[in-house]
Amino acid sequence: MELDVRGEICPYPMMRTVNALEKLPPSEALEVLTDHPPALTTIPWEASKRGYAVDVEKVRSGEWKLTLRKAQGPLDPLAVMQEISQKVDMGG
Amino acid sequence: MSVSTVATHIEPFGVRVVPAALGLAILMVSARWAPVLGFWWAMGLGMGFAIQRARLCFAASFRDLFVNGRGELMRAVLLGLIVATTAFAALMARMVPDPSTGELVPKIHVWPLGANVLVGGLLFGLGMVLAGGCVSGTLWRIGEGYVGSLVALGGILLGLEAAAFSWNWWWENSMSTAPRIWLPHTLGYMGAWISVLAALAMLYLLTYWWEARRAGPEIPVPGRPQPPLVTFQDRLRALWNRLFVQAWPASAAAVALALLNVTAFAFDHPLGVTGELSAWSSRTFGLLGLYPNHLEGLDQFSGCNLVDAPPGLLTNTFMLDVGLVFGAFAASVMASEFKIRLPRRPVRYLQSAVGGTVMGYGAGIALGCTIGAFFSAIPSLGLNGWLFGLGLLGGAFVGSRIIRRLA
């Protein structure tokens, strides 16, 4: 499932992601496209609280794609956040 | 995802530093020909830069408490206030050694404690949450390319004009009769400083309590993993990335903002961005032939109040406000985060316009925004900053109820 929240600012990228997660079939991944930098912290935070692992990729200047997948087994939130912060760094 | 694939997505280094270089060039030129303008330009650049790097959003610091129960940004703001309050108290004690006489330190943001401050704070808090940013937040987001923030700025100017038209009513019914309560007057500097610090520290702890009740489990964000540093060049690159590419912690920007505020106060007056926007508003609506009556009591204030007749274009406050936009622009380009961002839902434009107008009106009657009437007012040791903050909290509560319905 895809969710394009480009053009949206806080708190909507996070809110709409949470709403989409509630409708997401368990086997599917949610791809969120955002151009709001603060969403790179708000979305992973809410997602990992709900048991979703998050991957982030920089699409272009000022645009990112976050991929949210239901974690297999219990999620290690520390490892998730570590991975995200590393990738966000690399993409600026 | 390797570093090289990422690098293809961002502009070359030479392009990314152009706005920052231009900002510094303007600073150099003004330092030579008009050093005071240059000083305020530097203050603006610093504000825009620090706030953009950390996305230190005052609107979010209040709103998040109600939207998802998080207090991280509010704690950053409170930390900034602790730093600024301490330095302000020391500076004021030097300027007016005996505060018991009733003489106020010139140019501090201690204003009448009237209903206008509370009502203005409520409207401001509501407006900033609807618009997705406060007045300074609107300015730095414009620098990052947010078109919705331009709409909000239009709303702010409209709201300020409306405030100018109702100014005399507020002056007569609230400002002219309300007392200015300056804590050092009764408590002395030391007593006032300790009281304010204790209150700020209490609120700091209160946000943790709130978070534990409202936000659910807190997931610790670990320190950023660093690549191995071998050469001098590696170390420089790591420093560069920490400063200009990675996001700063909000607390770092809040402390930076506090230090800029202290510097500005030591130089002349505390930071505030609304007074200049009021000049823009008055100029814009003046073109349409809209002039409010003479505004009463303006000589009683300094800083963020509305202006009667706009002064020349190139003023200190102009340099500060435009510098703020430019600093955020330079920071976002340097981090490869700049983008022209168009809201896709029509309702967002309406939110920005209405939120901006309500916020502008609130700033007009409360004599300032989250910077001037709050972030500069609490360290000035007046009670008006606290009343405005209470209004912001109430307005943000109502605002967060409304925006939830517009998701």
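**Here's the deal with the sheet that holds strand E2 (residues 30-34) of chain A**
Residue and element names in this part refer to chain A.
Move 1: Taken in spatial order, the four strands make up an open sheet running E1-E2-E4-E3, and their pairing is mixed. Here the strands that pair on one side only, and so sit at the sheet edges, are strand E1 (2-4) and strand E3 (52-60). Put simply, the sheet's adjacent strands are angled 20° from each other on average, direction ignored.
Move 2: Pairing geometry for E3 and strand E4 (residues 63-70), over eight bridges, is antiparallel. Paired with Arg60 across the strands is Glu63, a residue of E4.
Move 3: Against the sheet, helix H1 (residues 12-23) contacts E1, E2, E3 and E4, and its axis sits at roughly 165° relative to E2.
Move 4: Contacting E2, E3 and E4, helix H2 (residues 39-49) crosses the sheet at an angle of about 160° to E3.

**Describing the confidence of the model for chain A**
Move 1: Per-residue confidence for chain A gives a mean pLDDT of 83; residues scoring 70 or more make up 78%.
Move 2: For chain A, per-element mean pLDDT is lowest for helix H3 (residues 77-91) of chain A, which scores 59, and highest for E2 of chain A, which scores 95.

**What to know about the pairing of E2 of chain A**
Residues and elements named next belong to chain A.
Move 1: Burial along E2 is one-sided: Leu30, Val32 and Thr34 are buried, and none of Glu31 and Leu33, which face the opposite way, are.
Move 2: In this structure, E1 lies alongside E2, joined through three bridges in parallel fashion. Its bridge partner being in E2, Glu2 is matched across the sheet by Glu31.
Move 3: Read as a crossover between parallel neighbours, the route from E1 over H1 to E2 is right-handed.
Move 4: As paired strands, E2 and E4 are joined by five bridges and run antiparallel to one another. The partner of Glu31 across the bridge, within E4, is Thr67.

**Points about the packing of helix H5 (residues 58-67) of chain B against helix H6 (residues 72-95) of chain B**
All names here are of chain B.
Move 1: In the contact formed by H5 and H6, the axes pass within 7 Å of each other and the chain directions differ by 130°. In terms of their interaxial angle, H5 and H6 are classed as oblique. The two elements H5 and H6 meet at a crossing, and its hand is left-handed. Taken together, the residues of H6 that come into contact with H5 (itself represented by Phe58, Ala60, Ser61, Asp64 and Leu65) are Leu73, Met74 and Val77.
Move 2: Residue composition of the contact of H5 with H6, by class: six nonpolar, one polar and one charged.

How each quantity is defined
Residues numbered from 1 in each chain as written. Chains lettered and ligands numbered in written order. Predicted model: local features only at pLDDT ≥ 70, side-chain atom pairs only at ≥ 80, totals over all residues. Pairing = 2+ DSSP bridges. Helix = DSSP H or I, 4+ residues; strand = E, 2+ residues; numbered from the N terminus. Axes fitted to C-alpha atoms, helices over the stretch in contact; angles between N-to-C directions. Contact = placed C-beta atoms within 7 Å. pLDDT = per-residue confidence, 0-100. Buried ≥ 20, exposed ≤ 12 C-beta atoms within 10 Å, placed from the backbone. Right-handed = clockwise from strand over helix to strand, strands pointing away. Parallel < 35°, antiparallel > 145°, perpendicular 65-115°, else oblique. Left-handed = near helix turned anticlockwise from the far one by under 90°. Nonpolar A, V, L, I, M, F, W, Y, C, P; charged D, E, K, R; others polar.

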